[in-house]
Amino acid sequence: METITLTGQIFQYLVTGITVGSVYAMVAVGFNIIYNVTEIINFAQGEFVMLGGLIMVFLHVAVGLPLILAFPATVALVTLVGVLLDRLAINPIRRPTVLSLIIATIAASILIKGTAMFIWGKDPFDLPAFSGRDPIIVLGAVIQPQYFWVIGFLVLIVIVLTFFFERTIIGKAMSACADNPDAASLVGIDVKRMVLLSFALSAAIGAVAGITMTPIALMEYDRGAMLAIKGFGAAVLGGLGSFPGAVIGGLILGVIESLGAGLISSGYKDAFALIVLLFVLFFKPSGIFGNIEISKIKRF
Amino acid sequence: MLRIGKLPIALFAGFIIIFPWVAGKVPAIGNYTDIMVFVGIYCLITIGLGLLMGYAGQISVGQAAFYGIGAYVSAILTTRYGLNPWFCMFIAVLVTGTIAFLVGTPSLKLKGHYLAMATLAFGIIVFIIFNEEIQWTGGPDGMADIPGLSIFGFELDSIEKYFYLVWGFVFVILIFTINVIQSDAGRALRAIHTSEAAANSMGVNVSKFKVLVFVYSAILASLAGSLYAHYLNFINPSTFDLFFSIKLLIMIALGGMYNIWGAIIGAGIITFLSYEWLHYFEEFEVIVYGAILLVVTIFLPNGLVGLPGMLKELFVRQKSNE
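Residues numbered from 1 in each chain as written. Chains lettered and ligands numbered in written order. Predicted model: local features only at pLDDT ≥ 70, side-chain atom pairs only at ≥ 80, totals over all residues. Heavy atoms only, no water.

Student: Looking at this structure, how should I read the interface of chain A and chain B?
Tutor: Contacts between the two partners involve 46 residues from chain A, matched on the other side by 43 residues from chain B. Approximately 3,800 Å² of surface area, both sides summed, lies buried where chain A meets chain B, with 82% of it carried by carbon and sulfur atoms. Across the contact surface, chain A and chain B share one residue pair in polar contact (both at pLDDT 80 or more). Those elements that provide at least two residues to the side of chain A that touches chain B are α1 (6–38), α3 (67–90), α4 (98–120), α9 (224–238), α11 (269–283) and α12 (292–297) of chain A. Its residues placed into classes, the side of chain A that touches chain B shows 35 nonpolar, five polar and six charged. (Contact = heavy atoms within 4.5 Å. Buried area = accessible area lost by both parts, 1.4 Å probe. Polar contact = N/O pair within 3.5 Å; in protein donor to acceptor, adjacent residues only side chain to side chain. Helix = DSSP H or I, 4+ residues; strand = E, 2+ residues; numbered from the N terminus. Nonpolar A, V, L, I, M, F, W, Y, C, P; charged D, E, K, R; others polar.)

Student: I would appreciate a short explanation of a nonpolar patch on the surface in the present structure.
Tutor: Side chains of I17(B), I18(B), W21(B), V22(B), V26(B) and Y164(B) sit close together on the surface and give an oily, nonpolar patch of about 580 Å² of accessible area. Relative to the helices and strands, V22(B) resides in helix α1 (residues 6–25). (Patch = residues over 30% accessible without salt bridge, like charges linked within 9 Å, V, L, I, M, F, W, Y side chains within 5 Å. Areas by Shrake-Rupley, 256 points an atom, 1.4 Å probe, with all protein chains shown as cover. Salt bridge = Lys/Arg side-chain N within 4 Å of Asp/Glu carboxyl O.)

Student: When you look at α1(A) in this model, what are you seeing that I'm missing?
Tutor: One turn of the α-helix equals 3.6 residues, which is why residues spaced by three or four share an orientation. All names here are of chain A. Relative to the 48 Å expected for 33 residues at 1.5 Å per residue, α1 spans 46 Å between its end C-alpha atoms, a close match to the ideal helical length. Counting buried positions along α1 gives 24 out of 33 residues, so the element sits mostly inside the fold. Residue E39 follows α1 closely and has a positive phi angle near 65 degrees. (Expected span 1.5 Å × (residues − 1). Buried < 20%, exposed > 50% of the residue type's maximum accessible area, 1.4 Å probe, protein only.)

Student: I'm lost on the packing of α3(A) against helix α8 (residues 191–217) of chain A in this one. Help?
Tutor: Angle between the axes and distance between the axes are the two parameters that describe a pair of packed helices. Residues and elements named next belong to chain A. Where α3 contacts α8, the two axes come as close as 7 Å, and the packing angle between them is 140 degrees. With respect to α8, the axis of α3 lies oblique. Here α3 runs over α8; the crossing is right-handed. Along its contact with α3, which presents F71, T74, V75, V78, T79, G82, V83, L85, D86, R87 and I90, the element α8 presents K192, V195, L196, F199, A200, A203, A204, A207, V208, I211 and T212. Grouping the constituent residues of the contact of α3 with α8 by class yields 15 nonpolar, four polar and three charged. (Axes fitted to C-alpha atoms, helices over the stretch in contact; angles between N-to-C directions. Parallel < 35°, antiparallel > 145°, perpendicular 65-115°, else oblique. Left-handed = near helix turned anticlockwise from the far one by under 90°.)

Student: What is the right way to look at the packing of aromatic side chains in this model?
Tutor: Each pair of aromatic rings is reported with the distance of its centres and the angle of its planes. Residue and element names in this part refer to chain B. Applying the stated criterion to the full structure yields 40 aromatic pairs over all chains. What links up through ring pairs into an aromatic cluster is the set F38, Y42, Y67, Y72, F130, Y162, Y228, Y231, F240, F244 and Y275. One cation-aromatic arrangement involves K208 over F209; the distance from NZ or CZ to the ring centre is 5.7 Å. (Phe/Tyr/Trp six-rings, centres within 6.5 Å; stacked < 30°, edge-to-face > 60°. Lys NZ or Arg CZ within 6 Å of the ring centre and 35° of its normal.)

Student: Teacher, can you tell me more about α4(A) here?
Tutor: Residue and element names in this part refer to chain A. The terminal C-alpha atoms of α4 lie 33 Å apart, and with 23 residues this matches the ideal 33 Å at 1.5 Å per residue to within 8%. Counting buried positions over the 23 residues of α4 gives 18, a clear majority of the element. At the exit of α4 stands G121, carrying a positive phi of roughly 75 degrees.

Student: What am I meant to see in the nonpolar core here?
Tutor: Inside soluble globular proteins, nonpolar side chains tend to come together where they are buried. Residues and elements named next belong to chain B. Ranked by size, the top nonpolar core spans 220 residues in total, and within it Y67, W167 and I235 carry the most contacts. Ranked by the residues each element gives to this core, the list is headed by helix α2 (residues 32–55), at 17 residues. Excluding residues that lie within four positions of it along the chain, W167 makes contacts with F12, I16, M36, V39, G40 and C43. (Core = buried A, V, L, I, M, F, W, Y, C linked by side-chain atoms within 4.5 Å.)

Student: Would you take a moment to explain the packing of α1(A) against helix α6 (residues 169–179) of chain A for this structure?
Tutor: Residues and elements named next belong to chain A. With their axes 6 Å apart at the nearest point, α1 and α6 run at an angle of 65 degrees to one another. Across the interface between the two elements, I33, N36 and V37 of α1 pack against M174, C177 and A178 of α6. Per-class residue counts for the contact of α1 with α6 are five nonpolar, one polar and no charged.

Student: Sorry, what's going on with the pattern of salt bridges here?
Tutor: When the charged atoms of two side chains lie near each other, side chains of opposite charge can form a pair. Summed over all chains, the structure comprises 10 salt bridges over all chains. For D270(A), the salt bridge goes to K230(A), with nearest N and O atoms at 2.7 Å. Remark: K230(A) occurs in helix α9 and D270(A) occurs in helix α11; sequence separation between them is 40 residues. For D270(A), a relative accessible area of 24% translates into the label partly exposed. Taking the relative accessible area as the measure of exposure, K230(A) reaches 3% and is therefore buried. The residue K161(B) makes a salt bridge to D157(B) at a minimum N-O spacing of 2.9 Å. The network of salt bridges with shared partners includes K230(A), E257(A), K269(A) and D270(A).

Student: Is there a simple way to think about the side chain of S245(B) in this case?
Tutor: Residue and element names in this part refer to chain B. With respect to the helices and strands, S245 occurs in helix α11 (residues 242–255). On the accessibility criterion, S245 (3% relative accessible area) is buried. Apart from the residues lying within four places of it in its own chain, the contact partners of S245 are V61, G62, Q63 and A64.

Student: Please explain the side chain of S22(A) as it appears in this structure.
Tutor: Looking at where S22(A) falls in the secondary structure, it is placed in helix α1. Each residue touching S22(A), except ones within four places of it in the same chain, is listed here: V150(A), I151(A), L154(A) and L251(A).

Student: What exactly am I supposed to notice about the environment of A204(A) here?
Tutor: Residues and elements named next belong to chain A. Inspection of the secondary structure puts A204 in helix α8. A residue is classified by how much of its surface remains accessible, and A204, at 16% relative accessible area, is buried. Residues A204 and N36, spaced 168 residues apart in sequence, show a C-alpha to C-alpha distance of 16 Å. If we skip the residues at most four places from it in the chain, A204 touches V75 and T79.

Student: What is the right way to look at unusual backbone geometry in this model?
Tutor: Backbone geometry follows two general trends: most residues other than glycine have a negative phi, and most peptide bonds adopt the trans configuration. Residue and element names in this part refer to chain A. If you check the backbone angles, L139 has positive phi at about 50 degrees while not being a glycine. Backbone geometry places L218, a non-glycine residue, at a positive phi of 60 degrees. Position of L218 relative to the elements: it lies in the loop between α8 and α9.

Student: Quick question: what am I supposed to make of the environment of G152(A) here?
Tutor: Relative to the helices and strands, G152(A) is located in helix α5 (residues 145–167). Placed 62 residues apart in sequence, G152(A) and I90(A) show a C-alpha to C-alpha distance of 32 Å.

Put into structure tokens, the structure is as follows:
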């Protein structure tokens, strides 16, 4: 049997780290969209990812819809859940405070998790990879074709969002709500609709993350919380609210986790990202790309 | 609402004193004394967490970690080194307080959701440590043969005796906490909740007070953990998972976070729900909890304790409309 060199091994960890990191980056982007418009940290963000994976399994594997149909249908359904989250949990709170908003999204997250357990049970589900499972070997590292789909969708999301927020009128209106909701409503922007839109958009991106990662990592009902906190770690590492920051933060976190699990201890795999999160919160809460001045004018 | 009279405490103490005797007479609620031991243990945690949330306006989603550290320090020191359980309980409080100080000081300088996320991350890390450090904690299998407690050679070897011990703790903590709330420190805390900037300009050292309350809440959770370990004589990590932290939040939110009685009522209801009344739902009880938490957050921002006030306000408004 061929011996694996250390360089090859590290290259392997880097490749898986970047792939996992892309998923965290997508979750982080979802956090940022809602945070930028509403200043809410949505603790149910990870549930979107979980739902994306499990609904896709249902539509593609159980119902048998072709990939090209099941994918958009899944995204649409999860987007609907995002809309419901805003309408049923966030919008009805009459005098929102940081505390009540955090508690409301936590409540929503355990409701969604419980419902998913009710529907799908506790077993993990697999999804066929989009373009087969014949790995490509580069420098002794095994690269699954699905890795390219994950990274590719991250790139696509970043391009589309950049265009959306900088070039379209709705995108600009959403950014205006982030800067100053009162001023935004004075110039005729429907702030409540923009909040709704941010939840929808964020849910859709979460769904894409879930759909693309399931062929690599399987999916079960209780993955949401861990994905959410790692995605939040990525968002904080890059600077809460910054899209390039979310991507860089996600990739760094993914690589640290992959190297830590491979070289130090696999039992502590989930702890590495969380330790990084704590360190960033304690020593540089504004993150790599975050702006302290901007974070100071935020209400929460 | 701010002044807490002696009468409710005396009535509540009377209720607790006769509880085991009544439960012993009525077969249908014969096991309720046992459940009330857990209610008392959880009350210790929720009194601290309620102070943190309702009075200091901060949130911890990692309280299970402090509860767990208390339990594990007690368990490890008593079973591995044969030390006196009361001494171990004291050491556990010191350890937990120090950790809470180290975690709280930097995170409490940040805004609301950062403490929530920092404590959430901290809670998960501690949970992973309980599972992974098998040579110390026994890993997922947990630790058995934790000794019981005794006072001056008098063994607390029955449910009733332990019941009075735990509730003795609860009353001491309850009275102490009420005194804190009604002192200058309590006023400072409420000022922080209303407006940090205003409190600061009035000369309140905001970050010091927030850290102090955070450490106090962690110490109470640690005490509760030690009492839990010595009561069951067995612990394993799953007791101290993320969901338990969330359950504590549900207790506070349901009872009402702006009133110390809310912490006790919430702990009572949720404990009886999970030990007795929700058996039918089995593991799907999580859906019930989610629904309770959401409904309370939207419709009862002051919890059950705030319900009479809300109804009164509604009644007055109706009258003035006529």
